[in-house]
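# Chain and residue survey
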Amino acid sequence: MEAKGSKSRVDVVTLLYVVGFLDLFGVSMVIPMLSTYLTKELGASPAMTGILGSLYGGLQLVSSPLVGKWSDISGRRFTLLICLVISCLGYLGISQATVLWMAFVARVPLGIFKHSLSISRAYLADIVPKVEQAKVFGRFNAYSSIGFIVGEGFT
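Read on for an overview of the structure. (Residues numbered from 1 in each chain as written. Predicted model: local features only at pLDDT ≥ 70, side-chain atom pairs only at ≥ 80, totals over all residues. Heavy atoms only, no water.)

A few words now on the packing of helix H3 (residues 76-96) against helix H5 (residues 116-127). The N-to-C vectors of H3 and H5 enclose an angle of 160 degrees; their axes lie 10 Å apart at closest approach. Judged by the angle between their axes, H3 and H5 are roughly antiparallel. Both H3 and H5 take part in a crossing whose hand is left-handed. Contacts between H3 and H5 pair Arg76, Arg77, Thr79, Leu80, Cys83 and Leu84 from the former with Ser116, Ile119, Ser120, Ala122, Tyr123 and Asp126 from the latter. (Axes fitted to C-alpha atoms, helices over the stretch in contact; angles between N-to-C directions. Helix = DSSP H or I, 4+ residues; strand = E, 2+ residues; numbered from the N terminus. Parallel < 35°, antiparallel > 145°, perpendicular 65-115°, else oblique. Left-handed = near helix turned anticlockwise from the far one by under 90°. Contact = heavy atoms within 4.5 Å.)

Below is the structure:
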């Protein structure tokens, strides 16, 4: 789905920069705290913490092509919105977990739907002319990386 007009394309690109920044900002806030939260608050062993991380990675590996195909069919904007909402609910679920199994259940939607960076890149590729893509992708990656660096300072 392509944004109409140069002004709205610029607005969409800027919004995708913000999505990239906030996505990795949030990830870098959660990663350092997750293992501590799981071990101290929920009583997880280091092995269980590792299994939870592996579950997330495994689900990402399996779901990535499926979500990519879904975004091809349903449109990038719709898929990105759904992935962001479900990821938000997954993070909320982890924050509200009072027992370990709840953290596992909440981590599943994150593993399946946490593809906002990939979908954002595909969306950028759809709406940005080939001549500008290197510049736009470079900025997108820079803003995302800055979000990852800055987010850790908030933990």
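So that's the structure; there's more coming.
The next point concerns the nonpolar core. In this structure, Val13, Leu16, Leu124, Ile127, Val128 and Val136 are the most contacted members of the largest nonpolar core, which totals 17 residues. Where this core is concerned, the elements lending two or more residues are helix H1 (6-41), H3, H5 and helix H6 (130-152). Broken down by element, this core gets its largest block of residues, six residues, from H1. Non-local contacts of Val136, meaning those with residues more than four positions away in its chain, are made with Val13, Tyr17, Leu124 and Val128. Judged by nonpolar contacts, the second largest core, of 13 residues, contains Ala44, Tyr56, Ala103 and Ala106. (Core = buried A, V, L, I, M, F, W, Y, C linked by side-chain atoms within 4.5 Å. Buried < 20%, exposed > 50% of the residue type's maximum accessible area, 1.4 Å probe, protein only.)

Remember, this is a structural readout, not a statement about activity or role.
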